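# Geometric and topological summary
What follows is each chain in one-letter form.
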Amino acid sequence: MIGPDTAGIAERLGVAADTATAIPQLAAETGLDVDAAYAVQTALIQRRLDRGERLVGLKMGLTSKAKMAQVGVDEVIWGRLTDTMRVPDGGTLDPSRFIHPRVEPEVAFLLDRLPEPGEPVGDFTDAVRAVAPAIEIIDSRYANFSFSLPDVIADNTSAAAFTIGAWSPVPDGLDNLGVLLEIDGRVAQVGSTAAILGDPRRALDEGIRLAGRHGVRLREGWVFLAGAATAAVPLKPGAHVRVVVEHLGTTSLRAAA
Ligand code: OOG
Ligand code: MG
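For the structure given in this document, a descriptive report is provided here. As the structure is a computational prediction, the values presented were derived from the model and not from experiment.

Across its full length, the chain carries seven helices and twelve strands. Expressed along its principal axes, the backbone C-alpha trace of the chain runs to roughly 55 × 45 × 35 Å. Pairs at least 24 apart in sequence give 74% of the contacts found in the chain among residues at least 6 apart. For the chain, the exposed surface amounts to about 10900 Å²; the carbon and sulfur share of it is 50%. The distance from the centre of the 25 positive side-chain charges to the centre of the 33 negative ones in the chain is 3 Å.

Structural data, given as structure tokens:
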């Protein structure tokens, strides 16, 4: 039997993102399983690299129960970040570039030298140079933000944009820091970094392991988003978004009106 048309599916998802036009789910119809979905994601990212974008990091998805429940998928997933997805801290982003963007509070790691494939991470402070509060903007290319596990993997785990606050040295503990997502000065979500796999440091182990299965190695100097600590909130035109992570500080962005 001939497998799913990886290049064709990546093209459909790429055009959906480029034109901010939602498409129907496609995994069931094309027979996409998890492995084939990561192959589509690779082709989708290659399409960006071919037009000059650079790979700058990795993001985890569905590392918290709140996120799993919100989208009805309960497996940890990972996706890729490119340079054009980064919005400066305090910067403005044009929400009309997206279909139905949502924002979520995250913790970012700046990666240092990582162990060889198959070796344990060992000391977290050897693997991570610095940590920061972050905002991820997600935008499913599927209508109604509705997808299956292979659908969301193929769609680069809904990655759209991200903002990172000032980097801090790695603190002693990261496992129980308060997290706040504010929209226009009002609290939209509250949580704790404990929601991220019990401890966001665990997300790095998972990222190394899961990406390694598909031949992807994390690189020194890359950014790593550990996954959202709370459910995501729609990003409306004109909104001011601020994330606070206890001890790590804040980061913000504005959606153009
Ligand atoms: C999938 C991406 C999930 C996270 O932090 O959990 C994610 C989605 O919710 O569309 O980025
Ligand atoms: Mg996220």
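Still more ground to cover, so stick around.
Looking now at the sheet that holds strand β3 (residues 91-93). If you walk across this open sheet you meet the five strands as β3-β12-β11-β7-β8, and the pairing is mixed. Bordering the open sheet on either side are β3 and β8 (186-192), each of which pairs with just one other strand. Neighbour-to-neighbour, the strand axes of the sheet open up by a mean angle of 20°, direction not taken into account. Two elements, strand β7 (residues 178-183) and β8, share six bridges in a ladder whose sense is antiparallel. Along β8, the bridge assignment pairs Glu182 with Val187.

Calculation notes
- Residues numbered from 1 in each chain as written.
- Chains lettered and ligands numbered in written order.
- Predicted model: local features only at pLDDT ≥ 70, side-chain atom pairs only at ≥ 80, totals over all residues.
- Heavy atoms only, no water.
- Helix = DSSP H or I, 4+ residues; strand = E, 2+ residues; numbered from the N terminus.
- Contact = heavy atoms within 4.5 Å.
- Areas by Shrake-Rupley, 256 points an atom, 1.4 Å probe, with all protein chains shown as cover.
- Lys, Arg positive; Asp, Glu negative; His and termini not counted.
- Charge placed at Lys NZ, Arg CZ, Asp CG, Glu CD.
- Pairing = 2+ DSSP bridges.
- Axes fitted to C-alpha atoms, helices over the stretch in contact; angles between N-to-C directions.

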